[in-house]
Amino acid sequence: MAGADRMQLHPISPDDAGFVAALEKVGMPISDLASSGGVYFAIADEQGEPIGYCGYEMPVEGIAFIRSCVVPEVGRGRGTGYAMMTALMERLSAEGLSDFYLLTMDADPFFERFGFKIISRDDAPDAVRSTSQFALEVCNGAVLMRWRPETRAGS
Ligand SMILES: CC(C)(COP(=O)(O)OP(=O)(O)OC[C@H]1O[C@@H](n2cnc3c(N)ncnc32)[C@H](O)[C@@H]1OP(=O)(O)O)[C@@H](O)C(=O)NCCC(=O)NCCS
C-alpha cells in the first residue's frame, strides 16, 4: 500500500482493529459493523499505514448507503478525507451506482463539497430506512444526505 497506491481503497474486515478503534473514538456506530453486510476499506499513507477508513452498504440494488467514514483526528485536515471520499464515489460509480445516501452528525459541510444535499429523514427510501444504522439511537440526531449525478455541486 505505497506510492501510487496511496489513494486506493484497500478492503478490510469489519472487525479490523484500527477501523473499529477509529470509529469508537468519535462515537460512531460499531455494534452493527459485522452484521451490516457492509463493504469496508482503508486508505493508506506512503508507508502503508492506514490513515482513513470508509465503507458502504447496498440495502437494495442501485442504492449505496455510505457509512463509517473516518480519519483519525491526528491526520485530519491534510486532504485524506477528500481523497478517500473521491475514491469511494468513483468506485461506486464504476459499479453502476448513482444514488448515494449517508448519515452524518456534523460533517455535512464536508459532504456538500461532493454534491451531497441534506434531505429530510422522512424522505428516506425504505431500503435506507431499513439499514441498521438508520435505527440506531446514536444516529438519532444525524442528518440524512443524498447524492445523485444531478445534485453535483455547481450543476
Ligand atoms: C469528515 C472527515 C472524514 C474529514 O477528513 P479530513 O481528512 O480532515 O478531510 P480533508 O482534510 O480531506 O478536508 C477536505 C476539506 O473539507 C473540510 N472539512 C473537513 N472536515 C470537515 C467538517 N467536519 N466540516 C466542514 N468542513 C470539513 C476541510 O477543511 C477541507 O477544506 P479545504 O479543502 O478548504 O481545506 C473527518 O473530519 C472525520 O473523520 N470526522 C469524524 C467522523 C465523521 O464525522 N464522519 C462522517 C460521517 S460518515
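Bear in mind that the values here come from a model prediction, so they are computed numbers and not experimental data.

Visitor: An account of the overall build of the protein is needed here, citing residue identities and associated values.
Guide: Counting secondary structure elements, the protein contains five helices and seven strands. When the helices and strands of the protein are read in sequence order from the N terminus, they spell out β-α-β-β-β-α-β-α-β-α-α-β. A compact globule built from 155 residues should have a C-alpha radius of gyration of about 15 Å, and the protein, at 15 Å, falls within 12% of that. Here the C-alpha coordinates of the protein stretch approximately 45 × 35 × 25 Å along the principal axes. Pairs at least 24 residues apart make up 68% of the contacts formed inside the protein by residues separated by at least 6 positions.

Visitor: Before we move on, can you summarise unusual backbone geometry with the specific residues and values?
Guide: For Ser-68, which is not glycine, the phi dihedral falls at a positive 55 degrees. Locating Ser-68 in the fold gives a position in strand 4 (residues 63-70). Judged by the 25 C-beta atoms lying within 10 Å of it, Ser-68 falls in the buried class.

Visitor: Explain helix 2 (residues 80-94) to me, using residue names and the numbers behind them.
Guide: An ideal rise of 1.5 Å per residue puts 21 Å on 15 residues; helix 2 measures up with 21 Å between its terminal C-alpha atoms. Close packing links the buried residues of helix 2 with strand 2 (39-44), strand 3 (50-60), strand 4 and helix 3 (108-112). Positive backbone phi, approximately 90 degrees, marks Gly-96, located one or two places after helix 2.

Visitor: Which residues make up the site of the ligand, and what values go with them?
Guide: Taken together, 18 residues lie near the ligand, and Arg-76, Gly-81, Tyr-82, Pro-109 and Phe-110 sit nearest. Going through the elements one at a time, strand 4, helix 2, strand 5 (99-104) and helix 3 are the ones with two or more residues in the shell around the ligand. Of the residues contributing to the shell around the ligand, the split by class is nine nonpolar, five polar and four charged.

Visitor: I'd like to hear about the confidence of the model for the protein, residue by residue, with values.
Guide: On average, residues of the protein carry a pLDDT of 92, and 93% of them reach 70 or more. The low-confidence segment residues 1-5 (pLDDT under 50) makes seven contacts with residues lying over four places distant or belonging to another chain.

Visitor: Which residues make up the environment of Ile-43, and what values do they have?
Guide: Checked against the element boundaries, Ile-43 lands in strand 2. We classify Ile-43 as buried; it has 24 C-beta atoms within 10 Å. C-alpha separation for the pair Ile-43 and Ile-12, spaced 31 residues apart in sequence, amounts to 9.9 Å. Residues within four places of Ile-43 in sequence aside, it is in contact with Met-7, Leu-9, Ile-51, Gly-52, Thr-80, Ala-83, Met-84 and Ala-87.

How each quantity is defined
Residues numbered from 1 in each chain as written. Predicted model: local features only at pLDDT ≥ 70, side-chain atom pairs only at ≥ 80, totals over all residues. Helix = DSSP H or I, 4+ residues; strand = E, 2+ residues; numbered from the N terminus. Rg over C-alpha atoms; globule rule 2.2 N^0.38 Å. Contact = placed C-beta atoms within 7 Å. Buried ≥ 20, exposed ≤ 12 C-beta atoms within 10 Å, placed from the backbone. Expected span 1.5 Å × (residues − 1). Near = placed C-beta within 6 Å. Nonpolar A, V, L, I, M, F, W, Y, C, P; charged D, E, K, R; others polar. pLDDT = per-residue confidence, 0-100.

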